[in-house]
Amino acid sequence: MHVRNSAGRGTHIDVVYRVLVVIVLAWAALHIAPVSAVPAYARQTQQPCTSCHVGGFGPQLTPYGRQFKLSGYTLRLDDSAHLPLSAMMVESYTHTRQAQSEIPAKHFHRNDNVELRQASVFLAGRLGEHLGVFAQATYSQNGGLLGWDNAEVRYSRVFNGTKHGGVWGLTVNNNPGVTDVFNTAPAWQYPYIAPDLAPGAPAAPLLFGGLAGQVIGASAYVQVDGNWYAEAGAYRSLSPSFLRKVNAGYDGRVSGAAPYMRVNRTWNVSGGNLEVGGFVLEARRGLVEPDLNDHPVPVPGPNDRFRDVGVDASYQHFGAGTHTFTVNALLVTERQRLDATYAADGAENRDNSLQAMNVNGSYWYRNTWGATLGAFAYNGSADTVLYGQTGSPDTQGGTVELNWSPAHGAATMGAEDGRRAHVRLGAQYTFYTRFAGATHDVDGEGRPARANDTMFVYVWIAM
């Protein structure tokens, strides 16, 4: 393994080689004939990717895409028999403004890393007249493991009354919020692809992936007149032995069931739609410690308690299809009662809080050229034991991203087209105005917050 020097520069040949790898992959991707994001759905519906996705690529959903998901992924115009499988890969290059103090992961460097960010296989489509599935297995070069990712099975039915109609359904899934159809939910919020070899906020509310892949839950949902939506369910921990088999994390056993609720209201406005809603998640979770095989196992004793309450809003404008604008906003407040962590001397305070804010706006020209501006803030109560030198999780900044999806799916998909691949190229720059509570000397070594600014370039291929 090549270890960079204290300046974090490494050899020029090493850096140039890694950049060339990304360029070659991009060139190769552009010579693959175009189709749609999650092509199994495209083959099933015979629709272009722009029918379901803003910018011709996931995960941002259009109104049609939202209804397809709420209807249990069951809409079918293609009667031919085929296995509903798709795949995708993301190859990336990550550069931080200053080399990191330590290597971000085994077999990588302090800076200028080329990585297979993820390679995924999807089982995605109709299983029956009222039953559908979205299930993802993902491999990442960081860690070198193939494990399960977001997964859900949906059962849905349409209802019609004398005054109102809509759709209702049941879902079984492994991540609170993965059921959502708006890109305000933490499970689907911007950035849709992000670096995992660069520093990030030291803490976030539990709703931001804290239970993802570690639980199993069921919820019931209903959408009335295409406007009102409500969902309620609960989640329980999966066993540590099962989670090891699927290469998922395990951060502690959820005591009892963790309830999750979601409500929102959607309005059709000129050329688009407006949505306002909210989330609630409550959970009690214990601590873990490694066993003799270094596997995390639950520790008997008290639990930490978390209550996440969030509000969200989103706006989409499609017009005639040439210019598309989207805006997404989310604010979540978490109240923590850290009985377990405090008793184990892992926190200075029994009671803490976190707040997370994410706002972003995107513009797409003909679903081909895209630009996104985003702002984020993760703030919380001071705790020197939890957060180290600065004693604060406060991290704020913004993101600028440019995208090119050369095949925007203007034509209706055919069965033959559905076997080809679709590509998106992205260049994303994240900057920090505050990091872990500080603007200067973030880690005691004189590193300012802006030292963590990150350039992330990626090639995203779906097939």
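Note that the structure is predicted; figures quoted are calculated from it, not measured. (Residues numbered from 1 in each chain as written. Predicted model: local features only at pLDDT ≥ 70, side-chain atom pairs only at ≥ 80, totals over all residues. Heavy atoms only, no water.)

A. Structural context of the overall build of the protein. Scanning the protein from terminus to terminus reveals 7 helices and 18 strands. Burial statistics for the protein: of 463 residues in total, 50% are counted as buried. Partitioning the intrachain contacts of the protein with sequence separation of at least 6 by distance along the chain shows that 65% fall at a separation of at least 24. Within the structure as shown, the protein displays about 20,400 Å² of accessible surface, and the carbon and sulfur contribution to it stands at 59%. (Helix = DSSP H or I, 4+ residues; strand = E, 2+ residues; numbered from the N terminus. Buried < 20%, exposed > 50% of the residue type's maximum accessible area, 1.4 Å probe, protein only. Contact = heavy atoms within 4.5 Å. Areas by Shrake-Rupley, 256 points an atom, 1.4 Å probe, with all protein chains shown as cover.)

B. Region of the structure containing empty space enclosed by the protein. One pass over the structure, following the stated rule, counts 2 cavities of 30 Å³ or more. In this structure, the largest cavity encloses a volume near 110 Å³. Looking at the largest cavity, it is lined by 18 residues, and the ones nearest its centre are Gln60, Tyr192, Trp364, Asn403 and Arg424. Taken together, the elements giving at least two residues each to the lining of the largest cavity come down to strand 14 (351-365), strand 16 (395-404), strand 17 (422-434) and strand 18 (454-462). (1 Å grid on protein atoms, 1.4 Å probe; cavity = no way out; pocket = protein on both sides within 12 Å on 5 of 7 lines; lining within 4 Å. Points joined across faces, edges and corners; volume = space filled by probe spheres on them.)

C. Representation of the environment of glycine 271. Structurally, the position occupied by glycine 271 is in the loop between strand 8 (258-269) and strand 9 (272-285). The class of glycine 271 is partly exposed, set by a relative accessible area of 35%. Sequence spacing of glycine 271 and glutamine 316 is 45 residues, and the spatial spacing of their C-alpha atoms is 8.2 Å. Setting aside residues up to four positions removed in sequence, glycine 271 forms contacts with Gln316, His317, Phe318 and Gly319.

D. Summary view of the environment of alanine 283. Within the secondary structure, alanine 283 sits in strand 9. The exposure class assigned to alanine 283 is buried, which follows from its relative accessible area of 6%. When sequence neighbours within four positions are dropped, the list of residues in contact with alanine 283 reads Leu206, Ala258, Asp304, Arg305 and Phe306.

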